[in-house]
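# Residue-level structure breakdown
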Amino acid sequence: MIDLSTNYLGLKLKNPIVAASSGLTGSLEGLLSMEKHGAGAVVIKSIFEEEILLQAELEVQEAEKDPMIYSGHSEILDYIDLHIKEDKLKDYLKLIRDARKNLSIPVIASINCISSEDWTHFTRKMEEAGADALELNIFLNPADFKNKEFEKAYFKIIKKVLDNVKIPVAIKISKYFTRLGLSVKALSESGVAGIVLFNRFYTPDIDIEKIAITSANMFSTPEEQYETLRWTAIMSEKIDCDLAASTGIHKGEDVVKMILAGANVTQLASTLYKNGPDQISRILKKVEKWMTEKGFDSLDQFRGMIARMYGEDPAAFERMQFMKNFSEIN
Ligand SMILES: Cc1cc2nc3c(=O)[nH]c(=O)nc-3n(C[C@H](O)[C@H](O)[C@H](O)COP(=O)(O)O)c2cc1C
């Protein structure tokens, strides 16, 4: 009997397939569909820090035009500001509550954030609404020339959120760090329960006929999995918190590879858009088939097998692989 169960963020999941935060997980209907097709957990579509703040700003501007509402007292504006932010959140909290009531798998709420401003107290409400865990998609853009604090900002955000909630917190990060390995290690020691490697940024393309910027692929391709695979293998034996592998995971084979690299779970979005939510059950079948063929009956029997080959010094290991593979090519 094959056991696909895995632990992630202190939660027991029946299998390592997590429906990643996306439009597919932005409604109760979508979340139920993920569960129906076999997902081990779901991450609800993110609420965006900017979205909340922008909406509040616009409404305050409107309010300022109305003498009935705006009498010049900053407390009134503060009240409206806070009230609107909470209104925006109300829908999100309802989705968490509905999801928790109607799904039996873990429900992870998500915030896409860029600062440690006054959104962090909302996390407690998410916890109260029943989220089993929280994922912070810390979306700091290395193209931001104003942000001199870049890496410090991660720790500030994490600390503020951890001060607010007791549920496990995972962070979803990009690969744009100076000394990525040391940064991921330091983040893993900040009190988070897990790290999601990696987020995917908007990437531009250029239409040379129109001489205009267009959007490159909205969805990932399987080729994008290799950076995730590499860093999962490098980090999984070096950190104490859990790892979720994300980006470019499209098939059962990819899931097997990520577990061999040491991931606790995999997060999927693009393949579910491209192939429909039924792709989850196809992937699970493939993982089971591979495990049967190899004689494994639990994920722990092969989790991290490849990561352990990296040994104490991943850089030296990779240099050796590089020399072995490239030195004979003329
Ligand atoms: C249409 C779409 C919407 C997404 N929305 C979110 C979001 O709200 N929050 C988030 O953290 N990630 C979001 N993502 C990113 C995914 O969660 C995932 O990290 C990324 O797509 C890489 O995984 P994939 O290769 O399986 O697509 C979105 C992705 C897509 C394609």
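Here we summarise the structure given alongside this text.

Conventions and cut-offs
- Residues numbered from 1 in each chain as written.
- Predicted model: local features only at pLDDT ≥ 70, side-chain atom pairs only at ≥ 80, totals over all residues.
- Heavy atoms only, no water.
- Buried < 20%, exposed > 50% of the residue type's maximum accessible area, 1.4 Å probe, protein only.
- Helix = DSSP H or I, 4+ residues; strand = E, 2+ residues; numbered from the N terminus.
- Pairing = 2+ DSSP bridges.
- Right-handed = clockwise from strand over helix to strand, strands pointing away.
- 1 Å grid on protein atoms, 1.4 Å probe; cavity = no way out; pocket = protein on both sides within 12 Å on 5 of 7 lines; lining within 4 Å.
- Points joined across faces, edges and corners; volume = space filled by probe spheres on them.
- Nonpolar A, V, L, I, M, F, W, Y, C, P; charged D, E, K, R; others polar.
- Phe/Tyr/Trp six-rings, centres within 6.5 Å; stacked < 30°, edge-to-face > 60°.
- Polar contact = N/O pair within 3.5 Å; in protein donor to acceptor, adjacent residues only side chain to side chain.
- Contact = heavy atoms within 4.5 Å.
- Salt bridge = Lys/Arg side-chain N within 4 Å of Asp/Glu carboxyl O.

## Describing the pairing of strand β9 (residues 194-197)
Going residue by residue along β9, you find Gly194 and Val196 tucked away on one face and Ile195 and Leu197 tucked away on the opposite face as well. Pairing of strand β8 (residues 169-173) with β9, which is carried by four bridges, proceeds in the parallel orientation. Bridging across to β9, Lys172 finds its partner in Val196. Read as a crossover between parallel neighbours, the route from β8 over helix α6 (residues 180-188) to β9 is right-handed.

## What to know about the layout of surface pockets
Each pocket or cavity is described by its volume, and for the largest pocket that value is around 780 Å³. Of all the secondary-structure elements, those providing two or more residues to the lining of the largest pocket are β13 (265-268) and α9 (270-275). A class-by-class count of the residues in the lining of the largest pocket yields 13 nonpolar, 17 polar and three charged. By volume, the second largest pocket is sized at about 240 Å³. If you trace the second largest pocket, you find 18 residues lining it, with Thr6, Asn7, Asn264, Asp300 and Arg303 closest to the centre. For the lining of the second largest pocket, the secondary-structure elements that each account for two or more residues are β1 (6-8) and β12 (242-246). Considered class by class, the residues forming the lining of the second largest pocket number three nonpolar, eight polar and seven charged.

## Quick notes on the packing of aromatic side chains
This structure, assessed with the given rule, holds eight aromatic pairs. On the numbers, 4.8 Å between centres and 45° between planes, the contact of Tyr154 with Phe177 is tilted. Of this pair, Tyr154 sits in helix α5 (residues 150-164) while Phe177 sits in the loop between β8 and α6; the two residues are 23 residues apart in sequence, bridging distant segments of the chain. By relative accessible area, which is 0% here, Tyr154 ends up buried. In this structure an aromatic cluster arises from ring pairing among Phe139, Tyr176 and Phe201.

## A closer look at the side chain of Ser174
Turning to its location among the elements, Ser174 is positioned in the loop between β8 and α6. Here Tyr176 takes part through its backbone nitrogen, which lies 3.1 Å from a polar atom of the side chain of Ser174. Discounting residues that sit within four places of it in the chain, Ser174 has contacts with Tyr154, Leu180, Phe198, Asn199 and Phe201.

## A short note on unusual backbone geometry
For the bond from Leu197 to Phe198, the omega torsion is 0°, close enough to zero to count as cis. Here Phe198 is to be found in the loop between β9 and β10 (204-207). Phi is positive for Leu9, close to 55°, though the residue is something other than glycine. Take Leu9: it is sitting in the loop between β1 and β2 (11-13). Judged by its relative accessible area of 3%, Leu9 falls in the buried class. Even without glycine at this site, Ile211 takes up a positive phi of about 50°. Relative to the assigned elements, Ile211 resides in the loop between β10 and β11 (212-215).

## Re the pattern of salt bridges
Close approach of charged atoms allows side chains of opposite charge to pair. The tally for this structure, following the rule as stated, stands at 14 salt bridges. Notably, a salt bridge pairs Asp98 with Lys94, separated by 2.8 Å at the nearest N-O pair. In this pair, Asp98 and Lys94 both sit in helix α3 (residues 74-102), four residues apart, roughly one turn of the helix. With relative accessibility at 46%, the residue Lys94 sits in the partly exposed group. Of the charged contacts in the structure, one is a salt bridge between Glu237 and Arg308, with a shortest N-O distance of 3.4 Å. Of this pair, Glu237 sits in the loop between α7 (225-235) and β12 while Arg308 sits in helix α11 (residues 305-309), and the two are 71 residues apart along the sequence. Judged by relative accessible area, which is 45%, Glu237 ranks as partly exposed. Within the structure, one salt-bridge network assembled from shared partners comprises Glu227, Arg230 and Glu318.

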